[in-house]
Number of protein chains: 2
Amino acid sequence: MVTIDDVARLAGLSKSTVSRVINNYPHVSPAKKQKVYQAMDALGYVPNSSARSLRNKKTQMIAVLVPRLMNPFFGQLVESMEIEATKNGFQLLICQTMYSKETELGHLELLKMKQVDGMILASLENEWETVSEYLPYGPLVMCNEFEDSANIPIIKLDQIHGGYIATKHLLRQGHRKLAYCTGGHKSMVGQHRKIGFEKALKEHGLTFENRYGFFSAYSIEHGIEVFKQIHQMKDPPTAVFTGSDEVAAGIITGAKEYGVDVPGELSVIGFDNQVISKIMDPKISTVEQPIELMAQQSIQVLIETIKSKDFPKRERYEFPLELIIRESTVSGPLRAV
Amino acid sequence: MVTIDDVARLAGLSKSTVSRVINNYPHVSPAKKQKVYQAMDALGYVPNSSARSLRNKKTQMIAVLVPRLMNPFFGQLVESMEIEATKNGFQLLICQTMYSKETELGHLELLKMKQVDGMILASLENEWETVSEYLPYGPLVMCNEFEDSANIPIIKLDQIHGGYIATKHLLRQGHRKLAYCTGGHKSMVGQHRKIGFEKALKEHGLTFENRYGFFSAYSIEHGIEVFKQIHQMKDPPTAVFTGSDEVAAGIITGAKEYGVDVPGELSVIGFDNQVISKIMDPKISTVEQPIELMAQQSIQVLIETIKSKDFPKRERYEFPLELIIRESTVSGPLRAV
């Protein structure tokens, strides 16, 4: 154990000077401060009060893993989690995986190193088998993203139903040529939406045409690109299902640039009910996701698990999604076929 | 020091079973796993490999403090930081202060606890005097937010010039009744923009009228509210300077609802050059902030400081801002008075 005496010795200063520096008292010259910091660093010295806390079992810290914070869905998710965690006396660390398996494992080490008491996975890049190796070190909870085989609490949304109601709405408006547009990374969220999409098509005797599929769109810029590709098709789709309001906003922006009327010539439906869907012209029809409820429940379940120490334990929570009809999909009177 | 023997004893299982659980080998019953986890937790046992890392001097982790990730400016900032940190082999932890002094101090403890090697402050809620008490524990760098008295590297943007060029543009279009609209929390960024705003007014023989001031607007919803207040004025402003594209988008959305023409009856300028400024109708004139450059520089300076151990050290970096003229401020031909 490195002590304050070791630091004083290496710095060539008195113990009281070192103490003054550590406690940030005035009247210590910058040169002396520098020597103390260097000695502390060289020895890996941790002042006593910190070392005490370091030995405490609980950190009162939890972490959440998300793919990217630039996606406003996750911005909103971590804000709701932050509020709920603070309310319960926990500090929230936020980690981005940037869709990288390696980065995700790096963040999971926080649990192993006992730097956090538990972790919420709103991203899953590695196989569950790999991630589950961290279970001995503390509780894990999945939020939004999911993996059915995981023996942990999962708080998710009914994405199959979300994909289904959005697609059903487009079909009811008379569309038969539907494009499908989603973020490309492997994700159960995306897979379930696609199941809902295809289920609705099937009910109308249709099957999905691969040429109408766009599988790596998750920003406004990508939406503009998708529109350009659609615009060049000989037999273009008349409606687009998108996985996010941002992509939908991009498609609408592209359509405006090329003088294509939305929804007259092309209907576009978003996903998330982000603010952007309300301020675009035309306003974007979308699927409302109860992000706040999901975030609160995830924090509550994680904190309960930390306190009860009853893990791993299989639990499932699912919140419903709701269709919000605005202007981007309705050219004539609403039809309920 | 708690050992694996202690865990085995408390769990009432053999040492080899405990080891199998820790290393996540197959063929251990859920009931036994549970007992081992509970014993590990009760004793605060950290497996050896982790404990070893825990004693290592460097964590290869850095943290960034931001006010709120819902603000797309900070979403973009942390994304650019993430990319630069990864490139340099560092892991980035992201912490929101939610404009709370207490939460900010909680996050600064990460440095004291040696959980991170250094920290970037893109938020400053407490007085610098208070924050500087954490300097003995590791390097701090300020990014975007700033405090001139701080004896640390500061990487910022020339906000006085940003406020000045945006205001000058509005004045050149003939406006004399200018509203000023900004986020309300105390921040040097906001204060400097206001200095630039008033400097431009002064050059045209004008002084700021307090009734045209809105000091707690930082979202689309707030922008809509600001518009409603402006709309009710007897002698309303003809142009609005805003601190963010989101607020500008909100004002434009409000104006549309009430049938007020932008820019014909009301000019609105944003700040940030976020994607939203390009997809609104009318497109939003704004001030481009070189977020990516600022983020990269901040990470580089912090990592250099961590490696050189040469801190605290006063350094200043400043990047210029650029006016981007689009549709929301130009009703007639551009005037360069």
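As recorded by an unreviewed UniProt entry, chain A carries the name LacI family transcriptional regulator and is attributed to Halobacillus mangrovi.

Q: How do you make sense of the domain arrangement of chain A when you look at a structure like this?
A: Interface size is often expressed as the accessible area that is lost when the parts come together. All names here are of chain A. Domain assignment breaks chain A into domain 1 (4-47), domain 2 (59-157 + 291-321) and domain 3 (159-288). The C-alpha-based centres of domain 2 and domain 3 are spaced at 29 Å. Domain 2 puts 17 residues into the contact, and the matching count from domain 3 is 17 residues. Carbon and sulfur atoms make up 53% of the surface buried where domain 2 meets domain 3, a total of about 1,400 Å² over both sides. For the domain 2 face of the interface with domain 3, the top three residues by lost area are Tyr99, Phe146 and Leu321, together amounting to 42%. Elements with a contribution of two residues or more to the side of domain 2 that touches domain 3: α5 (72-87) and β5 (153-157). The leading source of residues in the side of domain 2 that touches domain 3 is α5, at 3 residues. Of the residues assigned to the side of domain 2 that touches domain 3, the class counts are 9 nonpolar, 3 polar and 5 charged.

Q: Mind showing me how you'd approach the interface of chain A and chain B here?
A: Tallying the contact residues gives 64 residues for chain A and 64 residues for chain B. At the boundary of chain A with chain B, the tally comes to 2 salt bridges. Salt-bridge contacts for Glu79(B) lead to Arg68(A); the nearest nitrogen and oxygen are separated by 2.7 Å. Taken together, the connections running from chain A to chain B amount to 12 residue pairs in polar contact (both at pLDDT 80 or more). Element by element, the count of residues in the side of chain A that touches chain B is highest for helix α3 (residues 30-43) of chain A, at 7 residues. Grouping the amino acids of the side of chain A that touches chain B by side-chain chemistry returns 33 nonpolar, 17 polar and 14 charged.

Q: Got a minute to help me understand the packing of aromatic side chains in this structure?
A: In this description, an aromatic ring pair is defined by two values, namely the gap between the centres and the angle between the planes. One pass over the structure, following the stated rule, counts 22 aromatic pairs over all chains. With a centroid separation of 5.7 Å and 50 degrees between ring planes, the pair formed by Phe227(A) and Tyr258(A) is classed as tilted. Of the two residues, Phe227(A) is situated in helix α10 (residues 220-231) and Tyr258(A) in the loop between α11 (245-257) and β9 (267-269); the sequence distance between them amounts to 31 residues. Relative to Phe241(B), the ring of Phe197(B) has its centre 5.7 Å away and its plane inclined at 50 degrees; by these criteria the two rings are tilted. Placement of the pair is Phe197(B) in helix α9 (residues 188-203) and Phe241(B) in strand β8 (residues 239-242), with a sequence separation of 44 residues. Each member of the pair, Phe197(B) as well as Phe241(B), is classed as buried. A network of ring pairs unites the aromatic residues Tyr180(A), Phe197(A), Phe208(A), Phe215(A), Phe241(A) and Phe271(A) as a single cluster.

Cut-offs and rules
- Residues numbered from 1 in each chain as written.
- Chains lettered and ligands numbered in written order.
- Predicted model: local features only at pLDDT ≥ 70, side-chain atom pairs only at ≥ 80, totals over all residues.
- Heavy atoms only, no water.
- Domains from an automatic or database assignment.
- Contact = heavy atoms within 4.5 Å.
- Buried area = accessible area lost by both parts, 1.4 Å probe.
- Helix = DSSP H or I, 4+ residues; strand = E, 2+ residues; numbered from the N terminus.
- Nonpolar A, V, L, I, M, F, W, Y, C, P; charged D, E, K, R; others polar.
- Salt bridge = Lys/Arg side-chain N within 4 Å of Asp/Glu carboxyl O.
- Polar contact = N/O pair within 3.5 Å; in protein donor to acceptor, adjacent residues only side chain to side chain.
- Phe/Tyr/Trp six-rings, centres within 6.5 Å; stacked < 30°, edge-to-face > 60°.
- Buried < 20%, exposed > 50% of the residue type's maximum accessible area, 1.4 Å probe, protein only.

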